[in-house]
Amino acid sequence: MKLSAFWKICAVFATIAFAACAPDASPSSEQPDANGAASLPPTTAPAHTPSPTPVTAAAETSTPAPEPESQQTLAWPAINLVEKMSGLRNPVDLAHAGDGSGRVYVVEQIGMVQEFTNGSRGQSAFMDIRDRVSCCGERGLLGIAFPFDFSTSRTLYVNYTTTVPGRLHTRVSRFRLLPDFHKVDPDSEEILLQFYQPWGNHNGGQIAFGPDGYLWIGTGDGGSAADPRDNGQKGQTLLGKLLRIDVSPGDAPYSIPEDNPFVGDDQFLDEIWAYGLRNPWRFSFDRETGDLYIADVGQNAWEEVNFQPADSPGGENYGWRIMEGLHCFNPSSGCPTEGLILPVVEYDRISGKSITGGYVYRGQGHPSLQGIYFFADYVTGNIWGLRQVNGVWASELLLDSSYNISSFGEDEAGNLYLLHYSGTIYQIQAAAEN
């Protein structure tokens, strides 16, 4: 690694208001990092590849299932990171508008969005709502999404934290462009959802339009540590969930899709698609298959990636806080696992401390990357690939970087980008094809 584990963790402290690297922090006094994991003491153990774990693995096992011969000889590509954009302030999301322009939009946590064309930033901010965003730590402007009709509707959606009045809330809002400019009108805000955040961490923040045209929203469990209110498992709160709403024009700010899994169920809110999440940072749809990947930040021991096939009817329970990864959390042993959807891969605190979810590569420039889901760890800078071959999941450590990877993003052509929280954005490329 280019930086020692100690300096990486202390760099996190300098940029996101971490707690000091204390060797004996307990769950009750845990201080979260920018993605929702505790700031833990540095380790000198070498990084290693997370164990590929079948969905059907037993909850209490930490031993990976034996790999079939085809997996043992599977070749993984070497990757390079090529700088494409810089000069940003704490970027946390990157998206495109799907309008044929080739532009990408980078979310700065403080409450601004910058527009880039061929790597060049616009002369002024595309969006500036700093006056209403509560930042920073794990708070701020956290996500942006463009509808499929952006070129005609001239609308977009954001997810941010705000204080109203004196209490922290998550807000999901729709904005419109100014009539004569390719710039957001800050006075056009229409609030769709707003809900209370009991603590300042675990705010989720990802929003995206799915292949179905609906707006999907990832929410954290409300913060503190160990989900003290059990929000992940409660059906009458929007915290710790994956939400799905219809924002097409109508009389209300949004409506509920008729096929949402809990419509008519008095024990769950209609907006909920899936539950049992701690702090999903980030989720994404495979643009070719429609499959959904959710990276969920762990508590003290395990980081995980969950998978939902495109034909899912919804209603999944991803286990938090009953489980952390493939392991019992509450209770610490003998936990009930029936009906839970287990992660397809996990890694421990030797490999990393705060997962950052990415995307499945579907660009045209690097054939060897096709079909690989990329994810990373914010603290260690490790970057992994994940894919399914003959029904078996396999993962591989592809690069040990020195970056605090706050997010990933893809452009309209399917090129994949990595966001370094210090302000630089890199394109992921296959080394042998450069």
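In this convention, every chain numbers its residues from 1, walking through the sequence in written order. Since the coordinates come from a predicted model, pLDDT governs what is reported: local features require at least 70, and pairs of side-chain atoms require 80 or more to be given and counted, while whole-chain, interface and lining totals use all residues. Only hydrogens and water are set aside; all other atoms, that is, all heavy atoms of the structure, feed into the side-chain values.

K.L.:
Can you explain the overall build of the protein? Please cite residues and give values.
P.N.:
Working definition: helices are DSSP H or I runs of at least four residues, strands are E runs of at least two. Numbering for both runs from the N terminus. What the protein contains, in helices and strands, is 3 helices and 27 strands. Throughout this description, buried means an accessible area under 20% of the type-specific maximum (1.4 Å probe, protein chains only), exposed means over 50%, and partly exposed covers the range between. Going through the 434 residues of the protein one by one, you find that 58% of them count as buried. Residue contacts follow a heavy-atom distance rule, with two residues in contact if any of their heavy atoms lie within 4.5 Å. Taking as baseline every contact in the protein between residues at least 6 positions apart, the subset at least 24 positions apart corresponds to 59%. Accessible surface computed for the protein: about 16,600 Å², of which carbon and sulfur atoms make up 49%. Per-residue accessibility takes into account occlusion by the displayed protein chains alone, with areas from the Shrake-Rupley method and a 1.4 Å probe.

K.L.:
Talk me through empty space enclosed by the protein; I want residue IDs and the actual numbers.
P.N.:
Put simply, the grid is 1 Å and covers the protein atoms alone, a cavity is a trapped set of points that fit a 1.4 Å probe, a pocket is an open set with protein on both sides within 12 Å along at least five of seven lines, and lining residues have an atom within 4 Å of a point. Grid points are joined across faces, edges and corners, and a volume is the space filled by probe spheres set on the points. With the rule as written, the count across this model stands at 3 cavities of 30 Å³ or more. In terms of lining residues, the largest cavity is bounded by Gly276, Arg278, Asp296, Val297, Gly298, Trp302, Glu304, Tyr318, Trp320, Met323, Glu324 and Gly325. Counting only elements with at least two residues in the lining of the largest cavity, the list comes to strand S17 (302-308) and strand S18 (323-324). Residue type decides the class: Asp, Glu, Lys and Arg count as charged, Ala, Val, Leu, Ile, Met, Phe, Trp, Tyr, Cys and Pro as nonpolar, and the leftover types, Gly among them, as polar. Its residues assigned to classes, the lining of the largest cavity shows 5 nonpolar, 3 polar and 4 charged.

K.L.:
Let's hear about the state of the cysteines: which residues, and what values?
P.N.:
To count as a disulfide, a pair of cysteine sulfur atoms needs to be within 2.5 Å. Scanning the model with the defined rule gives 2 disulfides in all. Here Cys135 is linked by a disulfide to Cys136, with a sulfur-sulfur distance of 1.8 Å. Residues Cys135 and Cys136 are joined by a disulfide whose S-S torsion is about 90 degrees; by sign, that bridge is right-handed. A sulfur-sulfur distance of 2.0 Å marks the disulfide that ties Cys328 to Cys335. Residues Cys328 and Cys335 are joined by a disulfide whose S-S torsion is about -80 degrees; by sign, that bridge is left-handed. Each member of the pair, Cys328 together with Cys335, is buried. When the bonded cysteines of the protein are numbered from the N-terminus onward, they pair as 1-2, 3-4.

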